[in-house]
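The chain contents come next:
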Amino acid sequence: MAEKNIILPVHIGFIMDGNGRWAKKRGMPRTFGHREGAKAFRRITEYCNDIGVKYITFYAFSTENWSRPKEEVDAIMKLFKEYLLEANDLTEKNIRLVFLGDKSRFDTELRNRMTDLEDKSRDHDGMTVALAMNYGGRDDIVYAVKNVVHLLKENKISEDEINEDLITRNLYTGDIPDADLIIRPSGEKRLSNFLIWQSSYAEFYFTDVLWPDFGPSDLDRALEDYASRGRRFGGV
Ligand code: IPE
Ligand code: IPE
Ligand code: MG
């Protein structure tokens, strides 16, 4: 358990990477790794809720991941359906679930499941769990720009009201604060188009642990590292 009184990040982003390699190491199909990865998602969500983290975002499927072989994409979509059914009980813990990304690319069943979870947990004031699915940081910015143009056209805002705060509020993340800490397992050291606007002052933590193996003790290590950093935001 993370040490008491440690400075906790308000918002943690997890890039759930390394599922395929985890499975390959075991001579299993990649899908098996995705299934184990979903278990890690559950484990980390519960742990974050226990220790009092307010916002967590999981990168589950990027706008670039559609370029994978159809069989893998289909298997991931099937898993999403199963896990979103299971995610129902999270909404019973006062958790708010939100989805980041363009839902229109998913089939009706998946889309309905996503909106249903969002609708039923909208007013929950416990932890917010955001699932980035068909998410890309650049697409997020395009989405915000379109929202802002719409507000302009409708005369709801004037040009001089366009500022960083307005753009921030019009991203998929809406009222979710900027990411304080981004964790990427699997040894890769890149953002891969995750929360690019929201991570402008985030701290980064990289580990070679593969996502299906990632557990509370790995998160504790990341949190201790985070707590030891001096965040200056450009000041002194
Ligand atoms: C992350 O694991 C899951 C998704 C991108 C959907 P990967 O599938 O990228 O696993 P590796 O990187 O190939 O090991
Ligand atoms: C990033 O992982 C996307 C998700 C974890 C959902 P990738 O495996 O797709 O990233 P790259 O291809 O290594 O950059
Ligand atoms: Mg990967």
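See above for the structure.
Below is a summary of the structure that appears in this document. All values reported here derive from a predicted model rather than from experimental measurement.

Remarks on the packing of aromatic side chains
For step 1, the next point in the chain: Here the structure, examined in full by the defined rule, presents 17 aromatic pairs.
For step 2, the next point in the chain: Each ring, one from Phe58 and one from Trp211, has its centre 6.2 Å from the other, and the planes form 65 degrees; the classification is edge-to-face. Note that Phe58 is positioned in strand β2 (residues 55-62) and Trp211 in the loop between β6 (203-206) and α8 (216-227), a separation of 153 residues in sequence.
For step 3, the next point in the chain: When the ring of Tyr135 is compared with that of Phe194, the centres are 6.4 Å apart and the planes differ by 80 degrees; the resulting orientation is edge-to-face. In this pair, Tyr135 is assigned in strand β4 (residues 128-135) and Phe194 in the loop between β5 (181-184) and β6, connecting sequence segments 59 residues apart.
For step 4, the next point in the chain: Residue classification places Tyr135 among the buried positions, given a relative accessible area of 0%.
For step 5, the next point in the chain: Phe194 gets classed as buried once you look at its relative accessible area, which sits at 0%.
For step 6, the next point in the chain: Of the aromatic side chains, those joined through ring pairs into one cluster are Phe14, Phe41, Phe58, Trp211 and Phe214.

Concerning the site of ligand 2
For step 1, the next point in the chain: Taken together, the neighbourhood of ligand 2 is formed by Ile15, Met16, Asp17, Tyr59, Ala60, Phe61, Ser62, Asn65, Arg68, Arg184, Arg190 and Ser192.
For step 2, the next point in the chain: Asp17 places a side-chain nitrogen or oxygen 3.2 Å from an oxygen atom of ligand 2.
For step 3, the next point in the chain: Residue Arg190 places a side-chain N or O atom 2.8 Å away from an oxygen atom belonging to ligand 2.
For step 4, the next point in the chain: In isolation ligand 2 exposes 390 Å². Once the protein is present, 78% of that is buried.
For step 5, the next point in the chain: Broken down by class, the residue content of the shell around ligand 2 amounts to five nonpolar, three polar and four charged.

Looking at α8
For step 1, the next point in the chain: Between its terminal C-alpha atoms α8 stretches 16 Å, which fits the 16 Å expected from twelve residues at 1.5 Å a residue.
For step 2, the next point in the chain: Buried within α8 are the following residues: Asp218, Leu219, Asp220, Ala222, Leu223 and Tyr226.

Quick word on the sheet that holds β6
For step 1, the next point in the chain: The strand order across the open sheet built from six strands is β3-β4-β2-β1-β5-β6, with neighbouring strands paired in parallel fashion. The open sheet has two edge strands with one neighbour each: β3 (96-100) and β6. Put simply, the sheet's adjacent strands are angled 20 degrees from each other on average, direction ignored.
For step 2, the next point in the chain: Two elements, strand β1 (residues 11-15) and β2, share five bridges in a ladder whose sense is parallel. When the sheet's bridge partners are listed, Gly13 is paired in β2 with Thr57.
For step 3, the next point in the chain: Against the sheet, helix α2 (residues 30-51) touches β1, β2 and β4, its axis set at about 165 degrees to β2.
For step 4, the next point in the chain: Here α8 sits on the sheet in contact with β1, β5 and β6, set at roughly 140 degrees to β5.

Some thoughts on the pairing of β4
For step 1, the next point in the chain: Burial runs high along β4: eight of the eight residues are buried.
For step 2, the next point in the chain: Taken together, the seven bridges between β2 and β4 define a ladder with parallel strand orientation. Across the sheet, residue Ser62 finds its bridge partner in β4, namely Tyr135.
For step 3, the next point in the chain: Relative to β4, β3 is paired through five bridges, and the arrangement is parallel. Within the sheet, the bridge partner assigned to Phe99 lies in β4 and is Leu131.

Thoughts on the site of ligand 1
For step 1, the next point in the chain: Residues in contact with ligand 1, as listed here, are Met16, Asp17, Gly18, Asn19, Gly20, Arg21, Arg30, His34, Ala60, Asn65, Arg68 and Ile76.
For step 2, the next point in the chain: The contact in question runs from an oxygen atom of ligand 1 to an N or O atom on the backbone of Gly18, over 3.4 Å.
For step 3, the next point in the chain: In the environment of ligand 1, an oxygen atom lies 2.8 Å from a nitrogen or oxygen atom belonging to the side chain of Arg30.
For step 4, the next point in the chain: Taken together, the elements giving at least two residues each to the shell around ligand 1 come down to α1 (19-25) and α2.
For step 5, the next point in the chain: Tallying contributions element by element places α1 first for the shell around ligand 1, with three residues.
For step 6, the next point in the chain: Residue composition of the shell around ligand 1, grouped by class: three nonpolar, five polar and four charged.

About the criteria used
- Residues numbered from 1 in each chain as written.
- Chains lettered and ligands numbered in written order.
- Predicted model: local features only at pLDDT ≥ 70, side-chain atom pairs only at ≥ 80, totals over all residues.
- Heavy atoms only, no water.
- Phe/Tyr/Trp six-rings, centres within 6.5 Å; stacked < 30°, edge-to-face > 60°.
- Helix = DSSP H or I, 4+ residues; strand = E, 2+ residues; numbered from the N terminus.
- Buried < 20%, exposed > 50% of the residue type's maximum accessible area, 1.4 Å probe, protein only.
- Near = heavy atom within 4 Å.
- Polar contact = N/O pair within 3.5 Å; in protein donor to acceptor, adjacent residues only side chain to side chain.
- Areas by Shrake-Rupley, 256 points an atom, 1.4 Å probe, with all protein chains shown as cover.
- Nonpolar A, V, L, I, M, F, W, Y, C, P; charged D, E, K, R; others polar.
- Expected span 1.5 Å × (residues − 1).
- Pairing = 2+ DSSP bridges.
- Axes fitted to C-alpha atoms, helices over the stretch in contact; angles between N-to-C directions.
- Contact = heavy atoms within 4.5 Å.

Note that every value here comes from positions in space, so none of it alone points to a role or purpose.
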